Amino acid sequence: MEPIDSRIVWQGKWRVLVETFRLADGRLYERGAIDHPGAVVLVPLLAGEAGSEPQVLMLRQYRPALGQTILELPAGTREPDEAWLICAQRELQEETGYRAATLEPLGEVWAAPGLSNERMALFLATGLTADPLPMDVDEEIAVEAWPLSELAIMALDGRLEDAKSVVAILRTARHLQLTLDL
């Protein structure tokens, strides 16, 4: 496919584009796409007693596109040209009320490559201390602590349905060499 034209049909923190392509046989083809500045996904790990299981701060958040409240990790969109680590710390503070002493990269993933160019950077957040920032006006969030092993099992058996959370939880479990009895 050869790109011919692109026009913005909506713009906010990200943009909705309608793109026109020329196919190999000469026909024109239009497709919608989301142009996104990228986002961060955080796995906030609470320090526990020696020998106790790691706990992860999860969010219960209403998602208008789904019409329901879901369980997910804290995440958020970068501002244009914002550094990944600055965005990660800001989103962690806004959504959980904690600041991390350490933000360790767990890799990156495409959110929905058939629809958007959104790249999500995953971070393990440790050394948490209370340091809240105001939440975004459109966020109604409840923060809950969950055992990492339970979340990993939920990621594998389908009870945790948010894709970014599934990937980040499983990468964290692997990173910490968590052994699961499945």
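Below or above, wherever it landed, is the structure these notes cover. (Residues numbered from 1 in each chain as written. Predicted model: local features only at pLDDT ≥ 70, side-chain atom pairs only at ≥ 80, totals over all residues. Heavy atoms only, no water.)

Moving on, we come to helix 1 (residues 84–96). Over its 13 residues, helix 1 extends 18 Å from the first C-alpha to the last, a length consistent with the 18 Å expected when each residue adds 1.5 Å. Counting buried residues in helix 1 gives ten out of 13 residues, a clear majority hidden from the surface. Of the residues making up helix 1, those classed as buried are C87, A88, Q89, R90, E91, L92, Q93, E94, E95 and T96. Turning to helix 1, the residues buried within the fold contact strand 4 (39–46), strand 5 (55–63), strand 7 (75–77), strand 8 (98–110), strand 9 (119–130) and strand 10 (141–147). Note on helix 1: the residue one or two positions beyond its end, G97, has a positive phi of about 85°. (Helix = DSSP H or I, 4+ residues; strand = E, 2+ residues; numbered from the N terminus. Expected span 1.5 Å × (residues − 1). Buried < 20%, exposed > 50% of the residue type's maximum accessible area, 1.4 Å probe, protein only. Contact = heavy atoms within 4.5 Å.)

Let us now look at the sheet that holds strand 2 (residues 15–22). The strand order across the open sheet formed by three strands is 1-2-3, and the pairing between neighbours is antiparallel. Bordering the open sheet on either side are strand 1 (2–11) and strand 3 (28–35), each of which pairs with just one other strand. Neighbour-to-neighbour, the strand axes of the sheet open up by a mean angle of 25°, direction not taken into account. Where strand 2 lies against strand 3, eight bridges are found, and the strand directions are antiparallel. Paired with R22 across the strands is L28, a residue of strand 3. (Pairing = 2+ DSSP bridges. Axes fitted to C-alpha atoms, helices over the stretch in contact; angles between N-to-C directions.)

Let us now look at the nonpolar core. Core analysis: the biggest nonpolar cluster contains 25 residues, and V43, V56, M58, L73, L151, L160 and I169 have the highest contact counts within it. If we skip the residues at most four places from it in the chain, L151 touches V56, M58, L71, W146, L160 and I169. Core analysis: the next-biggest nonpolar cluster, separate from the first, contains twelve residues, V40, L42, L57 and A121 among them. (Core = buried A, V, L, I, M, F, W, Y, C linked by side-chain atoms within 4.5 Å.)

Where helix 2 (residues 148–157) meets helix 3 (residues 163–175), the closest approach of the two axes is 9 Å, and the angle between their N-to-C directions is 130°. What the angle tells us is that helix 2 and helix 3 run oblique. Taken as a pair, helix 2 and helix 3 cross one another with a handedness that is left-handed. Residues L148, L151, A152, A155 and L156 of helix 2 pack against V166, I169, L170, T172 and A173 of helix 3. Class assignment of the residues belonging to the contact of helix 2 with helix 3 gives a composition of nine nonpolar, one polar and no charged. (Parallel < 35°, antiparallel > 145°, perpendicular 65-115°, else oblique. Left-handed = near helix turned anticlockwise from the far one by under 90°. Nonpolar A, V, L, I, M, F, W, Y, C, P; charged D, E, K, R; others polar.)

A word on unusual backbone geometry. Here the phi dihedral of D81 falls at roughly 65°; this positive angle occurs in a residue that is not glycine. Within the fold, D81 resides in the loop between strand 7 and helix 1. The class for D81 is exposed, based on a relative accessible area of 80%.

With that out of the way, let us pick up helix 3. When the terminal C-alpha atoms of helix 3 are compared, their 18 Å separation across 13 residues agrees well with the 18 Å that a helix rising 1.5 Å per residue should span. If you check which residues of helix 3 are buried, you get K164, S165, V166, A168, I169, T172 and A173. Positive backbone phi, approximately 55°, marks Q177, located one or two places after helix 3.

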